[in-house]
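Residues per chain are reported as follows:
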Amino acid sequence: MKNNITLIGMMGCGKTTTAQILSKVLPGFTLVDIDEEIEKSTGKKISEIFLKYGEPHFRELEINKIKQFTQGDNQIISAGGGAFEDPDNRRRLLENSKVFFLKASPATIYERIKAENHRPLLRKNFSVEKIAHILSLRENNYKKANYIIDTDKKSPALVAGEIMGVINAKS
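Remember, it's a predicted structure, so these values are computed and weren't measured experimentally.

Quick look at the nonpolar core
- By size, the foremost hydrophobic cluster in this structure holds 45 residues, and its most contacted members are Leu7, Ile8, Met10, Leu22, Phe100, Leu102 and Ile163.
- Of all the elements, helix α8 (residues 156–170) adds the most residues to this core, at 6 residues.
- Once you skip the residues sitting within four places of it in the chain, Leu22 turns out to touch Leu7, Ile76, Ala160, Ile163 and Met164.

Below, the structure written as structure tokens:
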């Protein structure tokens with residue numbers, strides 16, 4: 001297995017910030033944010049891609065980026081909230097990295113992202129119930145991760161520390 005770390009979970013669970021912290025404390029690791037890579041390669045924001053081309057087009061771009069980056073090594077990969085729903089993405093990520101599901105309750109997620117307006121899946125009927133519904137659809141796949149870290153009431157630094165503890169214990 002390659003020496004990659006992948007963070008999965010719902011929007012607002014802390015993937016991006018935790019990945020940034022891990023990239024600073026793990027020498028020789030490169031940070032890869034799949035959504036940022038899609039934005040860089042298309043020149044468009046994720047919300048714009050969803051609006052103009054639809055979710056299926058976005059998911060194709062996501063699949064291609066995950067294919068590309070799972071070929072690398074010594075990376076911290078922050079995957080989009082729905083990336084682990086695709087069976088091929090899931091297989092690639094599990095075969096080429098240690099996958100951590102950053103779990104947060106719908107209420108926590110809502111509190112963390114309620115002021116944001118760039119979340120395409122939450123543009124309509126944004127609520128704790130909508131988040132709970134999306135989470136209920138995804139949770140069975142999220143639980144296929146190698147490790148589950150609860151992020152409720154924890155700072156991203158504390159979550160990164162827990163991940164480091166798992167990695168160091170397995171070394």
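Brief notes about the sheet that holds strand β4 (residues 98–103)
- The 5 strands are arranged β2-β3-β1-β4-β5 in an open sheet whose pairing can be described as parallel. Across the chains shown, the open sheet's two edge strands, defined by having one partner strand only, are β2 (30–33) and β5 (147–150). Averaged over all adjacent pairs, the angle separating strand axes in this sheet is 20°, with direction ignored.
- Here strand β1 (residues 5–8) runs beside β4; their pairing, made up of 4 bridges, is parallel. Of the residues in β4, the one forming a bridge with Leu7 is Phe100.
- Taken strand by strand, helix α2 (residues 34–42) contacts β2 and β3 (75–78), and its axis lies near 75° from that of β2.

Digging into unusual backbone geometry
- The backbone of Asn74 shows a phi angle near 55°, a positive value even though the residue is not glycine.
- Its place among the elements puts Asn74 in the loop between α4 (55–69) and β3.

Considering helix α6 (residues 106–113)
- Among the residues of α6, Pro106, Thr108, Ile109 and Ile113 are the ones counted as buried. What you see down the axis of α6 is that its buried residues fit within an arc of 160°, all on one side.
- Summarising the contacts, the buried residues of α6 are in contact with α7 (128–142).

Description of α2
- Along α2, the residues classified as buried are Ile34, Glu37 and Ile38. Seen end-on, α2 carries its buried residues on one side only, within an arc spanning 100°.
- Structurally, α2 contributes buried residues whose contacts are with β2, α3 (46–53), α4 and β3.
- Directly beyond the C-terminal end of α2, a positive phi value near 75° is found at Gly43.

Thoughts on the pairing of β3
- Every second residue of β3 is oriented toward a common face, with Gln75 and Ile77 on one face and Ile76 and Ser78 on the other, all of them buried.
- Relative to β3, β2 runs parallel, the two being bridged by 4 bridges. Considered in β3, the bridge of Thr30 is made with Gln75.

Some thoughts on the packing of aromatic side chains
- For the structure shown, the criterion picks out 3 aromatic pairs.
- Relative to Phe58, the ring of Phe50 has its centre 4.9 Å away and its plane inclined at 40°; by these criteria the two rings are tilted.
- The buried category is assigned to Phe50, whose relative accessible area is 14%.
- You can call Phe58 buried: its relative accessible area is 3%.

Calculation rules
- Residues numbered from 1 in each chain as written.
- Predicted model: local features only at pLDDT ≥ 70, side-chain atom pairs only at ≥ 80, totals over all residues.
- Heavy atoms only, no water.
- Core = buried A, V, L, I, M, F, W, Y, C linked by side-chain atoms within 4.5 Å.
- Buried < 20%, exposed > 50% of the residue type's maximum accessible area, 1.4 Å probe, protein only.
- Helix = DSSP H or I, 4+ residues; strand = E, 2+ residues; numbered from the N terminus.
- Contact = heavy atoms within 4.5 Å.
- Pairing = 2+ DSSP bridges.
- Axes fitted to C-alpha atoms, helices over the stretch in contact; angles between N-to-C directions.
- Arc of directions from axis to C-beta.
- Phe/Tyr/Trp six-rings, centres within 6.5 Å; stacked < 30°, edge-to-face > 60°.

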